[in-house]
Amino acid sequence: MKKIKVLYAEDEPFLARIVFDGLSSSGYEVNLALDGQLAWMQFQENKPDICILDIMMPHKDGYMLAAEIRKSDPDIPIIFLSAKALTEDVVKGFKSGGNDYLKKPFSIDELLVRMESLLNRFGAVNKDKNELDKKYRFRNCELDPVGQKLKTSVGEYSLSYKETVLLELLLKNRNNILEREDALSKIWGEDSFYNGRSMDVFMAHLRKLLKTEPEVQIMSLRGVGYKLIC
């Protein structure tokens, strides 16, 4: 699965670097713009999957930028990040084309959750039909990568973006070894202690969802990686 492309527009360099690093380490491909006009140019050039916009920016504010983006692409998810917390500011953000509004200060974890939620709702709009139709069936289970859904013999579960990509990698390498370093590089962007611990949490959750399936097992190979047996 290719990386999700993010357009991030923010004119505060310090905050921009923190958010840029947080999104990049979480596996996103991020294009950073430090003003609204540059953000509009990058949107036209790079065709992102989701936009994260500050409001108070030089040359073109976030409201104007969102309105132009929305005219160009009616379906792309847009999140506003702003210290402007009055009700009328939030309303103006939604009216200009935003899908969500996160008030500063905010945590990277909250931003990631909101991004995953919007991508789950709108992220498949521009994918081709073959990709939309592709599902992985294994034993009594089915993974829908676009809908981020896992069906087992006992129910259907919503997955996060990273859980979806992780299970898809396991399925592509089923009955073979998925190297830990390779998975971390593809999903998180780098093999670090923090990212490794994060992957362990997602892997534990996938095992929990699949525990009712006796013919499906995710094995851990210490110091090497994982193997999905099914």
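Computed from a predicted model, the values in this text were never measured in an experiment. (Residues numbered from 1 in each chain as written. Predicted model: local features only at pLDDT ≥ 70, side-chain atom pairs only at ≥ 80, totals over all residues. Heavy atoms only, no water.)

A few points about the overall build of the chain
Phase 1 of the analysis: For the chain, the helix and strand inventory stands at 9 helices and 12 strands.
Phase 2 of the analysis: In summary, the chain has a C-alpha radius of gyration of 19 Å against a globular reference of 17 Å for 230 residues, a match within 12%.
Phase 3 of the analysis: Seen through its C-alpha atoms, the chain measures out along the principal axes to roughly 55 × 35 × 30 Å.
Phase 4 of the analysis: Burial statistics for the chain: of 230 residues in total, 47% are counted as buried.
Phase 5 of the analysis: Expressed as a percentage of contacts within the chain between residues at least 6 apart in sequence, the contacts between residues at least 24 apart total 57%.
Phase 6 of the analysis: Summed over its atoms, the accessible surface of the chain is roughly 11,700 Å², and 51% of this surface lies on carbon and sulfur atoms.
Phase 7 of the analysis: Taking the average location of the 34 positive side-chain charges in the chain and that of its 35 negative ones, the two points are 5 Å from each other. (Helix = DSSP H or I, 4+ residues; strand = E, 2+ residues; numbered from the N terminus. Rg over C-alpha atoms; globule rule 2.2 N^0.38 Å. Buried < 20%, exposed > 50% of the residue type's maximum accessible area, 1.4 Å probe, protein only. Contact = heavy atoms within 4.5 Å. Areas by Shrake-Rupley, 256 points an atom, 1.4 Å probe, with all protein chains shown as cover. Lys, Arg positive; Asp, Glu negative; His and termini not counted. Charge placed at Lys NZ, Arg CZ, Asp CG, Glu CD.)

Regarding the sheet that holds strand β7 (residues 141-144)
Phase 1 of the analysis: Taken together, 4 strands build an open sheet; the order of strands is β6-β7-β8-β9 and the sheet is antiparallel. Pairing within the sheet leaves two strands with one partner each, and these edge strands are β6 (136-138) and β9 (156-158). Averaged over all neighbouring strand pairs, the angle between strand axes comes to 15°, with direction disregarded.
Phase 2 of the analysis: Sheet topology note: the β6/β7 ladder contains 3 bridges and is antiparallel. Within β7, the residue paired with Arg 137 across the bridge is Glu 142. (Pairing = 2+ DSSP bridges. Axes fitted to C-alpha atoms, helices over the stretch in contact; angles between N-to-C directions.)

Focus on the confidence of the model for the chain
As a general rule, the predicted coordinates of low-pLDDT regions are not to be interpreted in detail.
Phase 1 of the analysis: Taken residue by residue, the chain gives an average pLDDT of 86. The fraction at 70 or more is 93%.
Phase 2 of the analysis: Contacts for the low-pLDDT stretch residues 124-130, under 50 throughout, to residues beyond four places or in other chains number 7 contacts. (pLDDT = per-residue confidence, 0-100.)

Some details on the pairing of β7
Phase 1 of the analysis: Along β7, one buried face is formed by Cys 141 and Leu 143 and the opposite face, lined by Glu 142 and Asp 144, is buried too.
Phase 2 of the analysis: Turn length for the β6-β7 hairpin, with the two strands adjacent in sequence and antiparallel, is 2 residues, and the turn residue Arg 139 shows positive phi of about 50°.
Phase 3 of the analysis: Bridge analysis of β7 against strand β8 (residues 149-151) gives 3 bridges, and the strand direction is antiparallel. Each bridged residue has a counterpart across the sheet, and for Asp 144 the counterpart in β8 is Lys 149.
Phase 4 of the analysis: Turn length for the β7-β8 hairpin, with the two strands adjacent in sequence and antiparallel, is 4 residues, and the turn residue Gln 148 shows positive phi of about 55°.

Quick look at the packing of helix α7 (residues 161-172) against helix α8 (residues 180-187)
Phase 1 of the analysis: Their axes nearest at 11 Å, the elements α7 and α8 cross at an angle of 140°. Taken together, the axes of α7 and α8 lie oblique to each other. In the packing of α7 onto α8, the handedness of the crossing is right-handed. Where α7 approaches α8, its residues Lys 162, Val 165, Leu 166 and Leu 169 are matched on the opposing element by Ala 183, Lys 186 and Ile 187.
Phase 2 of the analysis: Residues belonging to the contact of α7 with α8 are distributed by class as follows: 5 nonpolar, no polar and 2 charged. (Parallel < 35°, antiparallel > 145°, perpendicular 65-115°, else oblique. Left-handed = near helix turned anticlockwise from the far one by under 90°. Nonpolar A, V, L, I, M, F, W, Y, C, P; charged D, E, K, R; others polar.)

Quick notes on the packing of aromatic side chains
Phase 1 of the analysis: Taken as a whole and assessed by the stated rule, the structure comprises 3 aromatic pairs.
Phase 2 of the analysis: Their ring planes at 45° and their centres at 6.1 Å tell us that Phe 80 and Tyr 101 sit as a pair that is tilted. With Phe 80 in strand β4 (residues 78-82) and Tyr 101 in strand β5 (residues 100-103), this residue pair connects regions lying 21 residues apart in the sequence. Each member of the pair Phe 80 and Tyr 101 is classed as buried.
Phase 3 of the analysis: Clustering of aromatic rings is evident, with ring pairs tying together Tyr 63, Phe 80 and Tyr 101. (Phe/Tyr/Trp six-rings, centres within 6.5 Å; stacked < 30°, edge-to-face > 60°.)

Focus on the packing of helix α1 (residues 13-25) against helix α5 (residues 108-122)
Phase 1 of the analysis: In the contact formed by α1 and α5, the axes pass within 11 Å of each other and the chain directions differ by 55°. Taken together, the axes of α1 and α5 are oblique relative to one another. Viewed along their axes, α1 and α5 form a crossing whose handedness is right-handed. Contact residues: α1 offers Ile 18, Val 19, Gly 22 and Leu 23, while α5 offers Ile 108, Leu 111, Leu 112 and Met 115.

Some details on the pattern of salt bridges
Phase 1 of the analysis: Taken as a whole, this structure holds 13 salt bridges when the rule is applied.
Phase 2 of the analysis: Ionic contacts of the salt-bridge type, sharing partners, join the residues Glu 10, Glu 12, Asp 54 and Lys 104 into one network. (Salt bridge = Lys/Arg side-chain N within 4 Å of Asp/Glu carboxyl O.)

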